[in-house]
Amino acid sequence: MKILVINCGSSSLKYQLFNMDKEEVMVKGLVERIGIEGSRLIQEKDDDKYIIEESMKDHTEAVSHVFNALVDKENGVISELSEIDAVGHRFVHGGEKITASSIINDEVKDAINEYTKFAPLHNPANLMGLKACEELLPGTPNVAVFDTAFHQTMPSKTFLYGIDYKYYEEDGIRKYGFHGTSHKFITNKTAELLGKDVEDLNIISCHLGNGSSITAIKNGKSYDTSMGLTPLEGLIMGTRSGDMDPAVITYLMENKNISPKDMENLLNKESGVYGVSGVSSDFRDLEDSAKEGNERAQIALDIFQTRAKRYIAGYMAEIGSVDAIVFTGGIGENSINMRKDILDGFQQFGIEIDDEKNNVRGGAHVISTDDSKVKVMVVATNEELMIARDTKELVELDK
Ligand code: AMP
């Protein structure tokens, strides 16, 4: 079975075509600058790059170029589009209506539209990709895989905010959580690596990247997570603020004359380790600057690891017993120093990283000492494969 996975942003589109018989990526690509001058498609197969530089005024045109690239005689990997059995789409927000990946129907589309209020940039972009596939690949099933769905198992004590309950009832204001596809992949993979049934697995999944979230997983299900109504809550991130006293926001808006739109931009794009350091949102740059003596870069890194400690320790107490603390995402998989700094202080609970074993990037490894009370692991995430797996499963069930 061949599954195309599509992840649309407002002006970009990433895709991967999987041969699910072997769970192999046949080809992957990226379309940039959709609707902007200079649009281009870059497709990668093994070490070869195929580049199309042409105007693409909207997502339909972008998807059309993706299809042409897939069947291109020289650079493509299939001879006809009918070889694609289904398309899996990444969607960001499905709110409370969507608790699992779903074959697209009117009910799913209604939920996507309803929760656009909390994901105004992402849900409409994801929908554009879907619309293009419906138009250009009629009859091929489309499946939506949501960032929020995995977290719908959280109990009310972890998802409700301390504000008047009517805002939850009337407006749906609550924690939804994100990166669910990655946390689900990590849960399944860790269970497999530890030889446990998913239903018996308790882990702390740390997805640390440009956007970061930590999830407490109890009995294979999301129990609590650090992101909230939107991906702004929780850890300090590349350019997102993460947690702070909500009064900071009202103070700044009143005293600096900042509008809600500008505030949203400030909190999402100009804050985080970038805002604190004034150097970069990229952790490699921050580590380099800190080494050269840049104090603010060091403070930004220190805030990041301090908050990660708080979430990990808090979540361990919430779920009682933990099989593993798992690091993933660009930082979690690659930053040897950050993993060590985050777990420094956990020795008092009998949890310890082995420096030699920690000297790894990506893959799937146990990095704790043999007698550490809780295993510490590095597991590379693969959200696209998770989307392809869910898509395959649903399409097969629907046959
Ligand atoms: P992601 O959003 O998961 O792609 O992660 C991107 C983040 O991972 C960026 O902030 C990168 O700086 C960070 N990253 C990637 N490689 C490394 C590395 N070797 N050391 C530290 N951070 C890294």
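Structure report, in brief. Since the model is a prediction, treat every value here as computed from it, not as a measurement.

1. Looking at empty space enclosed by the protein
(1) Moving on: According to the stated counting rule, one finds 1 cavity of 30 Å³ or more in the structure shown.
(2) Moving on: Approximately 40 Å³ is the volume found for the largest cavity.
(3) Moving on: Taken together, Leu160, Tyr161, Ile163, Asp164, Tyr165, Tyr168 and Ile173 make up the full set of residues lining the largest cavity.
(4) Moving on: Taken together, the residues of the lining of the largest cavity sort by class into 6 nonpolar, no polar and 1 charged.

2. Notes on the environment of Ile336
(1) Moving on: Counting through the fold element by element, Ile336 comes out in helix H13 (residues 336-343).
(2) Moving on: Sequence separation between Ile336 and Glu356 is 20 residues, and the spatial gap between their C-alpha atoms is 10 Å.
(3) Moving on: Those residues within four positions of Ile336 in sequence are excluded, and the remaining contacts are Asn358, Asn359, Val360 and Arg361.

3. Looking at the layout of surface pockets
(1) Moving on: In this model, the second largest pocket occupies a volume close to 450 Å³.
(2) Moving on: Together, 23 residues line the second largest pocket, and Thr99, Ala100, Phe150, Lys184 and Asp390 are the ones closest to its centre.
(3) Moving on: At the level of secondary structure, the elements contributing two or more residues to the lining of the second largest pocket comprise strand S8 (142-146), helix H6 (180-194), strand S11 (221-225) and helix H14 (383-398).
(4) Moving on: Considered class by class, the residues forming the lining of the second largest pocket number 8 nonpolar, 10 polar and 5 charged.

4. So, a negative patch on the surface
(1) Moving on: On the surface, Glu44, Asp46, Asp47 and Asp48 cluster together into a patch of negative charge.
(2) Moving on: Inspection of the secondary structure puts Glu44 in strand S4 (residues 40-45).
(3) Moving on: Judged by relative accessible area, Glu44 falls into the partly exposed class, the value being 34%.

5. Remarks on the packing of aromatic side chains
(1) Moving on: One pass over the structure, following the stated rule, counts 9 aromatic pairs.
(2) Moving on: A ring pair is formed by Phe159 and Tyr168, whose centres lie 5.7 Å apart and whose planes are at 50°; its orientation type is tilted.
(3) Moving on: Ring geometry for Phe283 and Phe304: centres 4.7 Å apart, planes at 65°, overall edge-to-face. Taken together, the positions of Phe283 in helix H10 (residues 283-291) and Phe304 in helix H11 (residues 295-319) put the pair 21 residues apart, joining distant regions of the chain. No difference in accessibility class separates Phe283 from Phe304, as the two residues are buried.

6. Describing the pattern of salt bridges
If the charged atoms of two oppositely charged side chains come close together, the side chains can form a pair.
(1) Moving on: Summed over the entire model, instances satisfying the criterion amount to 20 salt bridges.
(2) Moving on: The salt bridge involving Lys57 is made with Glu61; its shortest N-O contact spans 3.0 Å.
(3) Moving on: Residue Lys57 is classed as exposed on the basis of its relative accessible area, which comes to 58%.
(4) Moving on: What makes Glu61 partly exposed here is its relative accessible area of 25%.
(5) Moving on: A salt bridge links Glu134 to Lys109; the nearest nitrogen and oxygen atoms lie 3.0 Å apart. Of the two residues, Glu134 is situated in helix H3 (residues 122-136) and Lys109 in helix H2 (residues 106-114); the sequence distance between them amounts to 25 residues.
(6) Moving on: Residues joined by salt bridges that share partners form a network here, namely Lys57, Asp58 and Glu61.

7. A closer look at the site of the ligand
(1) Moving on: Taken together, the neighbourhood of the ligand is formed by Gly209, Asn210, Ser281, Asp282, Phe283, Arg284, Gly329, Gly330, Ile331, Asn334, Ser335 and Arg361.
(2) Moving on: At 2.9 Å from an oxygen atom of the ligand is found a main-chain nitrogen or oxygen belonging to Asn210.
(3) Moving on: Between the ligand and Gly330 there is a distance of 2.9 Å, counted from an oxygen atom to a backbone nitrogen or oxygen.
(4) Moving on: The protein chains hide 73% of the 510 Å² of surface that the ligand would expose on its own.
(5) Moving on: Among the secondary structure elements, those contributing two or more residues to the shell around the ligand are H10 and helix H12 (329-334).
(6) Moving on: In terms of residue class, the shell around the ligand is made up of 2 nonpolar, 7 polar and 3 charged.

8. Comments concerning the sheet that holds strand S9 (residues 203-208)
(1) Moving on: Pairing within the open sheet is mixed, and its 6 strands lie in the order S11-S10-S9-S12-S14-S13. For this open sheet the edge positions go to S11 and strand S13 (364-366), each flanked by a neighbour on one side alone. Shown here is a sheet whose adjacent strand axes are inclined to one another by a mean of 25°, direction ignored.
(2) Moving on: Summarising the sheet, S9 and strand S10 (residues 212-218) pair through 6 bridges and their orientation is antiparallel. When the sheet's bridge partners are listed, His207 is paired in S10 with Ser213.
(3) Moving on: Of the strands in this sheet, S9, S10, S11 and strand S12 (324-328) touch H11, which is tilted by about 15° from S10.
(4) Moving on: Against the sheet, H13 contacts S9, S12 and strand S14 (375-379), and its axis sits at roughly 150° relative to S12.

9. Quick notes on the side chain of Ser222
(1) Moving on: For Ser222, the location among the structural elements is in strand S11.
(2) Moving on: Once you skip the residues sitting within four places of it in the chain, Ser222 turns out to touch Phe150, His151, Thr153, Met154, Thr215, Ala216 and Ile217.

10. Structural notes on the nonpolar core
Nonpolar side chains in soluble globular proteins tend to be buried together.
(1) Moving on: Counting 37 residues, the largest nonpolar core has Ile204, Ile214, Ile312 and Ile325 as the members making the most contacts within it.
(2) Moving on: Sorting the residues of this core by element identifies S9, S10, H10, H11, S12, H13 and S14 as the ones contributing at least two each.
(3) Moving on: Here this core takes 10 residues from H11, the largest share from any one element.
(4) Moving on: Dropping the residues within four chain positions of it, Ile312 is found in contact with Ile204, Cys206, Ile214, Ile325, Ile342, Leu343 and Phe346.

11. Details of H13
(1) Moving on: Buried within H13 we find Met338, Arg339, Ile342 and Leu343. Down the axis of H13, the buried set is contained in an arc of 120°. They therefore lie on one face.
(2) Moving on: Contacts made by the buried residues of H13 are with S9, H10, H11, S12, H12 and S14.
(3) Moving on: Remark: Gly345 follows H13 within two positions and exhibits a positive phi of approximately 110°.

Cut-offs and rules
- Residues numbered from 1 in each chain as written.
- Predicted model: local features only at pLDDT ≥ 70, side-chain atom pairs only at ≥ 80, totals over all residues.
- Heavy atoms only, no water.
- 1 Å grid on protein atoms, 1.4 Å probe; cavity = no way out; pocket = protein on both sides within 12 Å on 5 of 7 lines; lining within 4 Å.
- Points joined across faces, edges and corners; volume = space filled by probe spheres on them.
- Nonpolar A, V, L, I, M, F, W, Y, C, P; charged D, E, K, R; others polar.
- Helix = DSSP H or I, 4+ residues; strand = E, 2+ residues; numbered from the N terminus.
- Contact = heavy atoms within 4.5 Å.
- Patch = residues over 30% accessible without salt bridge, like charges linked within 9 Å, V, L, I, M, F, W, Y side chains within 5 Å.
- Areas by Shrake-Rupley, 256 points an atom, 1.4 Å probe, with all protein chains shown as cover.
- Salt bridge = Lys/Arg side-chain N within 4 Å of Asp/Glu carboxyl O.
- Lys, Arg positive; Asp, Glu negative; His and termini not counted.
- Charge placed at Lys NZ, Arg CZ, Asp CG, Glu CD.
- Buried < 20%, exposed > 50% of the residue type's maximum accessible area, 1.4 Å probe, protein only.
- Phe/Tyr/Trp six-rings, centres within 6.5 Å; stacked < 30°, edge-to-face > 60°.
- Near = heavy atom within 4 Å.
- Polar contact = N/O pair within 3.5 Å; in protein donor to acceptor, adjacent residues only side chain to side chain.
- Pairing = 2+ DSSP bridges.
- Axes fitted to C-alpha atoms, helices over the stretch in contact; angles between N-to-C directions.
- Core = buried A, V, L, I, M, F, W, Y, C linked by side-chain atoms within 4.5 Å.
- Arc of directions from axis to C-beta.

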